[in-house]
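Residues per chain are reported as follows:
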Amino acid sequence: MARAVTMMMRLRSTAMKALDHPSSVFFSNSRIAHNRQLQTQMVRAFSALMSPPSKAIVYDQHGAPDSVTRVVEMPPVEVKENDVCVKMLAAPINPSDINRIEGVYPVKPSVPAVGGYEGVGEVHSVGSGVTDLSPGDWVIPSPPTFGTWQTYIVQDQSIWHKINKNTPMEYAATITVNPLTALRMLEDFTTLSSGDSIVQNGATSIVGQCIIQIAKFRGIHSINLLRDRPGSDEAKEFLKKLGADEVFTESQLAVKNVKALLTNISEPTLGFNCVGGNSASLVLKFLRQGGTMVTYDGMSKKPVTVSTSSFIFKDLSLRGFWLQKWMTSDKAKECRDMIDYLLCLAREGKLKYEMEVVPFDDFHTALDKALGKQGSQPKQVLKF
């Protein structure tokens, strides 16, 4: 904008000189060409569509998130022909966001960087070449994109996926990373039918809660494992209300034959591990002959150990799943269809999970909760 004002002043000065000294201006071909060039530049500068100024959570180096993040004012950004300017409505603080800031995640943006990876926003303005989106539409970045912890984002129209505005804002903001992981893992590794069963640890995580509900909706039974901790009885009741068929603490599974604890549930063919260590071994104990355990996280930071007999006599398979790799494998259309399906479940009340919506200005309080400084807390969702 400052550049445009400068151009306007220069053009006005040239015009005044033309009035005072017509022979020196209007009869000079080079001066005429220069004047036209200035006029063209001024028109282009004034016609350029700009985003509003933005507030953002940035970090200039990798390290402890509560030490390296800060709130900064961002200047307006040009909205080019195929760009969409989105006013962000909400974005979560995910464990992977924290890992990116720490510098330990396999894929991370170059610093300095704006935090955040998923979220939901409202279209503020569009470039002249954009026809499928209009101001007021709700959109999410799909696949997710770096830098969602800011009030305005300008990205190419191909990044944005239009969603139903009747979706609860906090679910729209968080639908891609955790619920989509749950859905993909239920579908990618074996064919499950109504009456089949799965087993998982870390059942109170958002992914775990989504697995329980999606499985229940499809007639699939779930066996859920919890670590022993204060409040485990309340956690059991919470998971059963979501649709869990069986919930056990790890101490309850200190028996030789864990499958004898199951009542009217078939041996699971598929297991999910997000903890590692002994908890992963318990998942393996439940699996039937030829079963598969999928690891998608390692919260205990302990390795997965498997007995030789599990491989030889049970023919178990161990697999891994990383959503970001799946989303970068030319599956944009499939990914968006699944997001729409999950958002439909959320609107119908068939998919729920615990969240706490906090004002953007309270970012550092929300970050402390996400870092576990205030004990176990729901997922923190920033509202802009």
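Before reading further, recall that the structure is shown in the block above.
Residues numbered from 1 in each chain as written. Predicted model: local features only at pLDDT ≥ 70, side-chain atom pairs only at ≥ 80, totals over all residues. Heavy atoms only, no water.

A. Representation of the nonpolar core. Counting 49 residues, the largest nonpolar core has Val-120, Met-185 and Phe-272 as its most contacted members. Looking at this core, the elements that each hand over two or more residues are β5 (83-92), β8 (138-141), α6 (169-174), α7 (178-188), α8 (206-217), β14 (270-273), α12 (323-327) and α13 (332-347). Sort the elements by how many residues they give to this core and α13 lands first, with seven residues. Those residues in contact with Val-120, other than ones at most four positions away along the chain, are Met-88, Leu-89, Ala-90, Trp-138, Val-139, Ile-140, Ile-163, Met-169, Ala-172 and Ala-173. Core analysis: the next-biggest nonpolar cluster, separate from the first, contains 19 residues, Val-58, Ala-113, Phe-360 and Leu-367 among them. (Core = buried A, V, L, I, M, F, W, Y, C linked by side-chain atoms within 4.5 Å. Buried < 20%, exposed > 50% of the residue type's maximum accessible area, 1.4 Å probe, protein only. Helix = DSSP H or I, 4+ residues; strand = E, 2+ residues; numbered from the N terminus. Contact = heavy atoms within 4.5 Å.)

B. Layout of the sheet that holds strand β3 (residues 69-74). If you trace the three strands from one edge of the open sheet to the other, you get β3-β2-β6, paired in antiparallel fashion. Looking at strand neighbours, the two that pair on one side only are β3 and β6 (113-114), the edges of this open sheet. Note: strand β2 (residues 54-59) against β6, two bridges, orientation antiparallel. Its bridge partner lying in β6, Val-58 is registered against Val-114. (Pairing = 2+ DSSP bridges.)

C. Summary view of the pattern of salt bridges. Inspection of the entire model under this criterion finds 13 salt bridges. Across the salt bridge formed by Glu-267 and Lys-259, the nearest N and O atoms sit 2.6 Å from each other. Glu-267 gets classed as partly exposed once you look at its relative accessible area, which sits at 36%. A single network of salt bridges, built from pairs that share partners, joins Arg-184, Glu-187, Asp-188, Arg-218 and Glu-334. (Salt bridge = Lys/Arg side-chain N within 4 Å of Asp/Glu carboxyl O.)

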